Amino acid sequence: GNSVTQMEGPVTLSEEAFLTINCTYTATGYPSLFWYVQYPGEGLQLLLKATKADDKGSNKGFEATYRKETTSFHLEKGSVQVSDSAVYFCALMPRNNNDMRFGAGTRLTVKP
Amino acid sequence: NAGVMQNPRHLVRRRGQEARLRCSPMKGHSHVYWYRQLPEEGLKFMVYLQKENIIDESGMPKERFSAEFPKEGPSILRIQQVVRGDSAAYFCASSFDRGGETQYFGPGTRLLVL
């Protein structure tokens with residue numbers, strides 16, 4: 001079946017550090033891939049997405065590239081800020097239905 | 001264009017009571033999804049609905065839980081005879097179409113069962 005595995009947290013970084021949160025997936029066919037962010041007490045917000053192999057999603061300095069050969073969609077940011085502290089969820093949606101699968105989430109804390 | 005709206009944002013119920021959670025999708029969206037998030041866990045799919053139809057309820061508990069999306073009005077997730085284990089955040093999402101379309105999430109309803 002379809003599933004998403006992402007790096008376990010929590011992750012604690014200093015401001016301006018480089019961030020990588022690993023995400024790998026298992027799916028039949030070519031799903032769409034997403035990163036969502038959840039700030040404390042709020043719902044999930046779409047951060048970025050990619051719909052086909054080699055696509056790069058980017059937003060607010062975050063990037064992730066859809067790698068078919070490694071079935072990965074790792075999230076990266078070159079210089080994190082305190083305001084990036086949140087929980088990040090990797091997710092996939094198959095091409096032919098809405099059975100969206102989420103990873104367990106990775107909590108990021110950025111310290112000044 | 002208002003986003004996905006959910007109410008109430010917080011709901012407290014005693015064991016055995018009923019909980020009703022409402023979700024209004026984004027304007028123009030006819031696909032609604034409900035998810036449950038237990039503390040410190042990811043989201044688990046519960047049910048997918050279109051107007052007046054339940055398309056996929058494979059994630060719904062077999063008893064006490066039901067969902068509807070009537071022709072007029074919001075989608076409703078109903079939990080009867082709540083138990084402490086139902087305490088969680090319930091998120092609604094909507095999309096314009098199916099299959100690969102981005103889902104937009106509401107702020108969630110946090111249910112606490114005393």
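In this text, all values refer to a predicted model and were calculated from it rather than measured experimentally.

Q: Which residues make up the interface of chain A and chain B, and what values go with them?
A: Reports of interface size often rely on the accessible area that becomes lost once the parts have come together. Chain A puts 22 residues into the contact, and the matching count from chain B is 23 residues. Put simply, chain A and chain B have zero salt bridges between them. Residue assignment for the side of chain A that touches chain B shows that the elements contributing at least two residues are β5 (32-38), β6 (44-50) and β10 (86-93) of chain A. With four residues, β5 of chain A is the largest single contributor of residues to the side of chain A that touches chain B. Its residues placed into classes, the side of chain A that touches chain B shows 10 nonpolar, eight polar and four charged.

Q: Tell me about the packing of aromatic side chains, residues and numbers included.
A: Applying the stated criterion across every chain yields a total of 11 aromatic pairs over all chains. Ring geometry for Tyr-33 of chain B and Tyr-48 of chain B: centres 4.8 Å apart, planes at 15°, overall stacked. You can see Tyr-33 of chain B sitting in strand β4 (residues 31-37) and its partner Tyr-48 of chain B sitting in strand β5 (residues 43-50), a full 15 residues away along the chain. On the accessibility criterion, Tyr-48 of chain B (3% relative accessible area) is buried. Ring pairing ties together the aromatic residues Phe-34, Tyr-36, Phe-89 and Phe-102 of chain A together with Tyr-35, Phe-45 and Phe-105 of chain B, which thus form one cluster.

Q: Can you break down the pattern of salt bridges residue by residue, with the values?
A: Under the criterion given, the structure shown has six salt bridges over all chains. The residue Lys-52 of chain A makes a salt bridge to Asp-55 of chain A at a minimum N-O spacing of 3.3 Å. Arg-78 of chain B is the partner of Glu-18 of chain B in a salt bridge, and the nearest nitrogen-oxygen pair spans 2.8 Å. Residue Glu-18 of chain B is located in the loop between β2 (10-13) and β3 (19-24), and its partner Arg-78 of chain B is located in strand β8 (residues 75-79); the two are separated by 60 residues in the primary sequence. What emerges from the salt-bridge pattern is a single network uniting Glu-18, Arg-20 and Arg-78 of chain B.

Q: Outline the sheet that holds strand β3 (residues 19-21) of chain A, listing residues and values.
A: Residues and elements named next belong to chain A. The sheet built from four strands is open, its strands ordered β3-β9-β8-β7 with antiparallel pairing. Where the open sheet ends on each side, the last strands, each with one partner, are β3 and β7 (56-59). Taken over all neighbouring pairs, the strand axes of this sheet differ in orientation by 15° on average, direction set aside. Relative to strand β9 (residues 75-77), strand β8 (residues 62-65) is paired through three bridges, and the arrangement is antiparallel. Within β9, the position partnered with Ala-64 by the bridge is Leu-75.

Q: Break down the sheet that holds β3 of chain B for me, with residues and values.
A: All names here are of chain B. Strand order in the open sheet made by the four strands is β1-β3-β8-β7, with antiparallel pairing throughout. In the strand order of this sheet, the two ends are held by β1 (5-7) and β7 (65-68), each with one partner. Mean inter-strand twist for the sheet, computed between neighbouring axes without regard to direction, equals 15°. By the bridge criterion, four bridges tie β7 to β8 in an arrangement that is antiparallel. Paired with Ser-66 across the two strands is Arg-78, which belongs to β8.

Q: Any details on the state of the cysteines? Residues and values, ideally.
A: Summed over the entire model, instances satisfying the criterion amount to two disulfides over all chains. A sulfur-sulfur separation of 1.9 Å characterises the disulfide bridge that pairs Cys-23 of chain A with Cys-90 of chain A. On the sign convention where negative is left-handed, the bridge of Cys-23 of chain A and Cys-90 of chain A, at about -70° about the S-S bond, is left-handed. Of this pair, Cys-23 of chain A sits in strand β4 (residues 23-26) while Cys-90 of chain A sits in strand β10; the two residues are 67 residues apart in sequence, bridging distant segments of the chain. One disulfide bridge connects Cys-23 of chain B with Cys-92 of chain B, the sulfur atoms lying 1.7 Å from each other. Across the disulfide from Cys-23 of chain B to Cys-92 of chain B, rotation about the S-S bond amounts to roughly -50°, and the bridge is consequently left-handed. Taken as a pair, Cys-23 of chain B in strand β3 and Cys-92 of chain B in strand β9 (residues 88-95) lie far apart in primary sequence, 69 residues in all. For the pair Cys-23 of chain B and Cys-92 of chain B, one class covers both residues: buried.

What counts as what
Per chain, the residues get numbers from 1 upward, laid out in the order the sequence is written. Chain A is the first chain written and ligand 1 is the first ligand written, with later ones labelled in order. In keeping with the predicted nature of the model, local features appear solely for residues at pLDDT of at least 70, side-chain atom pairs appear and are counted solely at 80 or more, and the whole-chain, interface and lining totals rest on all residues. Side-chain descriptors were evaluated using all non-hydrogen atoms of the structure, hydrogens and water having been removed beforehand. Note on contacts: a residue pair qualifies if any of its non-hydrogen atoms lie within 4.5 Å across the two residues. Just to be clear on terms, a salt bridge is a Lys or Arg side-chain nitrogen sitting within 4 Å of an Asp or Glu carboxyl oxygen. Helix numbers and strand numbers start at the N terminus; a helix is a DSSP run of H or I with at least 4 residues, a strand a run of E with at least 2. Classes in brief: Ala, Val, Leu, Ile, Met, Phe, Trp, Tyr, Cys and Pro nonpolar; Asp, Glu, Lys and Arg charged; the others, Gly included, polar. Between rings of Phe, Tyr and Trp, where Trp is taken as its six-membered ring, a pair exists when centres lie within 6.5 Å; planes separated by under 30 degrees are stacked, by over 60 edge-to-face, and by other angles tilted. Each residue is assigned to one of three classes by its accessible area relative to the maximum for its type, calculated with a 1.4 Å probe on protein chains only: buried under 20%, partly exposed between the two thresholds, exposed over 50%. The rule for pairing is simple: two strands pair if DSSP sees at least two bridges between them. Structural elements are reduced to axes, namely lines fitted to C-alpha atoms, with helices fitted over the stretch in contact, and the angle between N-to-C directions of any two is expressed from 0 to 180 degrees. Two cysteine sulfurs form a disulfide in these notes if their separation is within 2.5 Å.

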